[in-house]
Amino acid sequence: MDRLDTMKAFVTVAELGSFTKAAEKLETSNQLVSKYVSQLEDQLGVRLFNRTTRRVHLTQEGEQCLHHAMHILESVHDMENHFGELQSTAKGLLQISAPVDFSTLHLAPLIRDFKKKYPEVGVNLELSDRKVDVIEEGFDVALRIGNLKSSSLRISVCPVTCSGFIRPGVSV
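Residues numbered from 1 in each chain as written. Predicted model: local features only at pLDDT ≥ 70, side-chain atom pairs only at ≥ 80, totals over all residues. Heavy atoms only, no water.

J.: Please give an account of the pairing of strand β3 (residues 92-98) that cites residues and values.
T.: Taken across its seven residues, β3 has five buried, putting it largely inside the fold. Here seven bridges tie β3 to strand β4 (residues 121-127), and the two strands are oriented parallel to one another. Bridging across to β4, Gly92 finds its partner in Val121. Taking the sense of rotation as the criterion, the β-α-β connection linking β3, helix α5 (residues 100-117) and β4 turns out right-handed. (Buried < 20%, exposed > 50% of the residue type's maximum accessible area, 1.4 Å probe, protein only. Helix = DSSP H or I, 4+ residues; strand = E, 2+ residues; numbered from the N terminus. Pairing = 2+ DSSP bridges. Right-handed = clockwise from strand over helix to strand, strands pointing away.)

Structural data, given as structure tokens:
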């Protein structure tokens, strides 16, 4: 069994004072919550609760375990939030190559809006009408106007919605 699940079950029973209420809160069965707590007791070699038909009380060891389990679960929660924020926050430098006339007329307001939405993303815009080697020159996006001749270049849709910065289905 997963140790975090056993700790969550234990902490929930301790907070609510009931296996039934803990099972409801955890959206699982009463038997599974009981099994998790029993496994934790077996792993630790101590009894965590004094159980009666009406109430559940923490033992002295249970109170100590509750303090440690809450600390561990809080640390795991903090870690998940920290790395979740890192994954959901756009950061870094966006390298864009675009034609001069198009950029002057259309990209400035889009980049301004993009920067407001993603302030931790730097934008390096190279204005040039020359054909660039996207990989060799390190560009993330290269915009060109016109028809593609026989080429290995393909139009692809960005998986991140950029508020009009890149519009799926528009040939660029």
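J.: Let's hear about the confidence of the model for the protein chain: which residues, and what values?
T.: Scored by pLDDT, the protein chain comes out at a mean of 83, with 82% of its residues at no less than 70. Counting interchain partners and residues more than four positions distant, the pLDDT-below-50 stretch residues 157-172 has 17 contacts. (pLDDT = per-residue confidence, 0-100. Contact = heavy atoms within 4.5 Å.)

J.: Just give me the short version of the sheet that holds β3, but keep the residues and values in it.
T.: Strand-to-strand pairing in sheets goes through backbone hydrogen bonds, with the strands running parallel or antiparallel. Reading across the sheet, the three strands line up as β4-β3-β5 and stay open at both edges, with parallel pairing between neighbours. Every other strand in the sheet has two partners, leaving β4 and β5 (141-142) as the edge strands with one partner each. With two bridges connecting them, β3 and β5 associate as parallel partners. Counted as the bridge partner of Ile96 is Val141 from β5. Against the sheet, α5 contacts β3 and β4, and its axis sits at roughly 180° relative to β4. (Axes fitted to C-alpha atoms, helices over the stretch in contact; angles between N-to-C directions.)

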